[in-house]
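# Breakdown of the fold
Chain residues, written in single-letter form:
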Amino acid sequence: MRVMPVGKQIQYMSNHDRMTGTMPSVRQLTLMAAACACTLAASAQLRHGGMRDSVDIDEVVVTGTRAMTDVRHLPQTVSVVGRDRLTENGRMSILPTLMEQVPGLMVTGRGMMGYGVSSGGSGGMMLRGISSGAGQLLVLIDGHPQYNGIYGHSIADAYHTMTAERVEVLRGPASLLYGSNAMGGVVNIVTRAMPHDGSRTSVNLGAGSWGTVQAEATNQYRHGGFSSTVGALYGRSDNHRPHMGFEQYGGFVKLGYDLTPHWSLFADADVTHFSASYPGTVSAPMLEADQWITRGAVSMGVENHYARTSGRLSLYDNFGRHKINDGYNALSGTPQKRLFRSSDALMGVSWYQSANLWQGNRLTVGFDYQNIYGHAYYTSRETGETIDTPNKQSGKERNHEVAAYVDMSQDLASWLTVLAGVRYDHHTVSGAEWVPQAGVVVRPSALTQLKLMASKGFRNPTMREMYLYPPSNTDLRPERMWSYELSWSGRLRDNSLRYGINLFYIDADNIIQTVNRKNVNTGALTNKGVEVELGYRVDSHLSLSTNHSWLYMRHPVVSAPKYKGYVGANYSLRRFYANVGLTYVHGLYTRVGDDEHTENFTLLGCTVGYHLGDNVKLWLRGDNLLAQKYEYIDGMPMPRATFMCGVDLSF
């Protein structure tokens, strides 16, 4: 498959069983596989028709080096989820699909549609026990960082399937290339672009349980050197609890122009507005806990692509406007007299150039600059006037971060590659940080790879931690983490079988915690675990995939499971297709400390579709078909069985 460069294209299994110490048994894992096999048994008897290859994973990635690189030559572990996989279940958000397809990745939820922010917000990603909610896992769009400038975390409702051509998830520290917040890994959303001359329009409509409605429309166009992708979306849901409504709308524009065969320009903009209500926990319901959020991202730049070198210079801005009513306890509280408001921006300049200096060599040098802005305040609900906000300083803060890095790989033999790099990063408040990384890749054959990786990750303190509210502390230092990983992966020559196994060990210190009402660098964590993934194409109609992750944490954290496993199957015959997925989560921490609590649950989902013609597809999806009672967030039960149906049009 040809991949264009970035910017150019780019209870049936122990429900609530309260087990706290044991991993899932062999019997439970066998039941997972058997459930999918039984579900598809009848369909598997059908014999001939079109091919639906659902286990194909691209070999070329951009996230691990910024330049296009064969993943078999990278010491990092990168999972790639392509557009076919992202769209097969009719989901507006990329996050549920990523949780199924990427071992070790957990995503929290609270309802059928909408993640929200602030108290009770969900959509937090947890990878190997490292949290996006704490700003330790970085989301990128075409390599540009996306997070709230004040709180430092990603905004889950801004990551739509409509915009994504593919998603690359680098599991493990990526601070060498991407700096702060990438200490646990990165999720890079590679946006869509038209690959050939012509025009293509798609419309996706869906409706389902709890008053849920979704609509997306995109147009892609290319003529000569000019290309464009334009899209718009709308979604809403009442969700399954009172006072839990959600509504969003947004748009996306991506433009490209080839100046010459080697130089091109790009510009894109993505804006999402959503309103969400937080119903509180079951034991403490809330009223008027409403949020009105606008998030946007824009970027522009120039790229070059030659036989031996490629690079990019880009300017970007990720910004947001937030208005939040913290609400009140429905049983005993009184309405709020003030609203929390904030505006933030993450503006930056990024430059890199990658070159092959000689045979088997790749050298990448780069420079990053970020201006991080945040303004948080309260206003009176009655008069609209600004109310004093408990900030340590002015409340209109700007931090600057500047960095330079070099990353080099060298093939010492046809079967051996070594890689090393270092980054120097300087933050105006927390100071300087050196970030080294090194790895070795051994290829015993053209189809197998043994990888060893040692890398450092870090996270600078956020504006909230330094300036906002009484615990703030401007003497905070960066959080630091070292990760060590050993992996083995391979495939058959015809790509019918792919497999991989990873062993990792994480040691982190300087973790920011609040002690005696003050933020201090006192925390530590030690995590280790195993990740396994396997994909098998049985024939031109049926393919199977599975992944599993086991995690041991010396200091458990909320939203991290001890075990997560997924088994999926895809089947197609002429105009019909079906996919089934079974996810089992064991030991998901919803509370830690003296009041520790874990959840265990099994989620079964299924999507069936039928192509009425080349341009019309009907689909029906069911989630949590076992009607499990479960929670990602303590006190906020998820819906039982839900259903969506829809139609996809293309012309």
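Cut-offs and rules
Residues numbered from 1 in each chain as written. Predicted model: local features only at pLDDT ≥ 70, side-chain atom pairs only at ≥ 80, totals over all residues. Heavy atoms only, no water. Helix = DSSP H or I, 4+ residues; strand = E, 2+ residues; numbered from the N terminus. Rg over C-alpha atoms; globule rule 2.2 N^0.38 Å. Buried < 20%, exposed > 50% of the residue type's maximum accessible area, 1.4 Å probe, protein only. Areas by Shrake-Rupley, 256 points an atom, 1.4 Å probe, with all protein chains shown as cover. Lys, Arg positive; Asp, Glu negative; His and termini not counted. Charge placed at Lys NZ, Arg CZ, Asp CG, Glu CD. Core = buried A, V, L, I, M, F, W, Y, C linked by side-chain atoms within 4.5 Å. Contact = heavy atoms within 4.5 Å. Pairing = 2+ DSSP bridges. Salt bridge = Lys/Arg side-chain N within 4 Å of Asp/Glu carboxyl O. Phe/Tyr/Trp six-rings, centres within 6.5 Å; stacked < 30°, edge-to-face > 60°. Lys NZ or Arg CZ within 6 Å of the ring centre and 35° of its normal. Disulfide = S-S within 2.5 Å. pLDDT = per-residue confidence, 0-100. Axes fitted to C-alpha atoms, helices over the stretch in contact; angles between N-to-C directions. Patch = residues over 30% accessible without salt bridge, like charges linked within 9 Å, V, L, I, M, F, W, Y side chains within 5 Å. Polar contact = N/O pair within 3.5 Å; in protein donor to acceptor, adjacent residues only side chain to side chain.

Secondary structure summary: the chain contains six helices and 37 strands in total. Rg of the C-alpha trace for the chain: 24 Å, near the compact-globule value of 26 Å for 651 residues, within the 12% margin. Taking the principal axes of the C-alpha coordinates as reference, the chain spans close to 65 × 55 × 50 Å. When each of the 651 residues of the chain is scored for burial, the buried share is 58%. For the chain, the accessible surface area stands at approximately 25,500 Å², while carbon and sulfur atoms represent 58% of it. Looking at charge distribution, the chain has the averaged site of its 59 positive side-chain charges lying 2 Å from that of its 55 negative ones.

Moving on to the nonpolar core. Ile94, Val167 and Tyr632 are the most contacted members of the largest nonpolar core, which has 50 residues in total. If you tally residues by element for this core, the top one is strand β28 (residues 497-514), at four residues. In contact with Val167, other than residues within four places in its own chain, are Ser79, Val80, Val81, Leu86, Ile94, Leu98, Val187, Asn188 and Ile189.

This paragraph deals with the sheet that holds strand β4 (residues 105-107). Taken in spatial order, the three strands make up an open sheet running β4-β5-β6, and their pairing is antiparallel. The sheet is open, and its two borders are formed by β4 and β6 (130-131), each paired with just one other strand. Sheet topology places β4 next to strand β5 (residues 125-127); three bridges connect them, and they run antiparallel. Looking at β5, one finds that Met106 is bridged to Met126.

Per the counting criterion, the structure on display carries 26 salt bridges. Between Arg295 and Asp344 there is a salt bridge; the shortest N-O distance is 2.8 Å. Highlighted residues: Arg295 in strand β17 (residues 290-305) and Asp344 in strand β20 (residues 338-355), separated in sequence by 49 residues. Judged by its relative accessible area of 4%, Arg295 falls in the buried class. Three or more residues are tied together by salt bridges with common partners; here these are Arg128, Arg171, Glu485, Glu531 and Glu533.

Let us look at the packing of aromatic side chains. Applying the stated criterion across every chain yields a total of eleven aromatic pairs. Ring centres of Trp550 and Tyr563 lie 5.2 Å apart, and the angle between their planes is 50°; this geometry places the pair in the tilted category. One end of the pair, Trp550, is in strand β30 (residues 542-553); the other, Tyr563, is in strand β31 (residues 563-573), with 13 residues separating them in the sequence. Exposure remark for Trp550: the relative accessible area of 27% places this residue in the partly exposed category. Since its relative accessible area comes to 0%, Tyr563 is described here as buried. On the basis of an interplanar angle of 90° and a centroid distance of 5.7 Å, the ring pair of Phe601 and Tyr632 is categorised as edge-to-face. Residue Phe601 is located in strand β33 (residues 597-611), and its partner Tyr632 is located in strand β35 (residues 631-633); the two are separated by 31 residues in the primary sequence. For the pair Phe601 and Tyr632, a shared accessibility class is recorded, and that class is buried. Joined through ring pairs, the aromatic side chains of Trp482, Tyr484 and Tyr505 make up one cluster. In this structure, Arg128 is placed above the aromatic ring of Phe504, and the distance from its NZ or CZ to the ring centre is 4.4 Å.

Right, let's get into the state of the cysteines. Enumeration over the complete set of coordinates arrives at zero disulfides. Left unpaired, Cys645 is separated from the closest cysteine sulfur, that of Cys606, by 14 Å. With relative accessibility at 41%, the residue Cys645 sits in the partly exposed group.

On average, the chain scores 89 in pLDDT, and the residues at 70 or more come to 90%. For the chain, helix α2 (residues 41-44) is the element with the lowest average pLDDT, namely 36, and strand β13 (residues 226-237) is the one with the highest, namely 98.

This part covers the pairing of strand β15 (residues 263-277). Each regular strand displays side chains that alternate between the two surfaces of the sheet. Inspection of the sheet shows strand β14 (residues 246-258) paired to β15 by 13 bridges, in the antiparallel sense. Bridge pairing links Tyr257 to Leu265 in β15. Remark: four residues form the turn of the hairpin made by β14 and β15, two consecutive strands paired antiparallel. The pairing of β15 with β17 spans 15 bridges and is classified as antiparallel. Within β17, the residue paired with Leu265 across the bridge is Val302.

Pairing is mixed in the open sheet, where five strands are placed in the order β3-β9-β10-β7-β8. Either end of the sheet is taken by a strand with one partner, and the two such strands are β3 (77-82) and β8 (144-146). Sheet twist, expressed as the average angle between the axes of neighbouring strands with direction ignored, equals 25°.

Residues Tyr221, Phe226, Val230, Val253, Leu255, Tyr257, Leu259, Trp263, Leu265 and Tyr306 make up a contiguous nonpolar surface patch of about 840 Å² in total accessible area. With three residues, β14 is the largest single contributor of residues to the nonpolar patch. Its place among the elements puts Tyr257 in strand β14.

For Ser118, which is not a glycine, the phi torsion comes out positive at approximately 60°. With respect to the helices and strands, the residue Ser118 is situated in the loop between β4 and β5. Residue classification places Ser118 among the partly exposed residues on the basis of a relative accessible area of 41%. One non-glycine residue with positive phi stands out, namely Asn239, at about 60°. Take Asn239: it is sitting in the loop between β13 and β14. Among the residues examined, Asn239 registers a relative accessible area of 5% and is labelled buried.

For Arg498, the position within the fold is in strand β28. At 3.3 Å, the side chain of Arg498 forms a polar contact with the side chain of Asn495.

Below, the discussion takes up the environment of Leu138. Checked against the element boundaries, Leu138 lands in strand β7 (residues 138-141). Owing to a relative accessible area of 1%, Leu138 belongs among the buried residues under this scheme. Taking the C-alpha atoms as reference points, Leu138 and Gly121, 17 residues apart in sequence, are found 18 Å from one another. Setting aside anything within four residues of it in sequence, one finds Leu138 in contact with Pro145, Gln146, Tyr147, Tyr178, Ser180, Asn181, Ala182, Gly185, Val186 and Val187.

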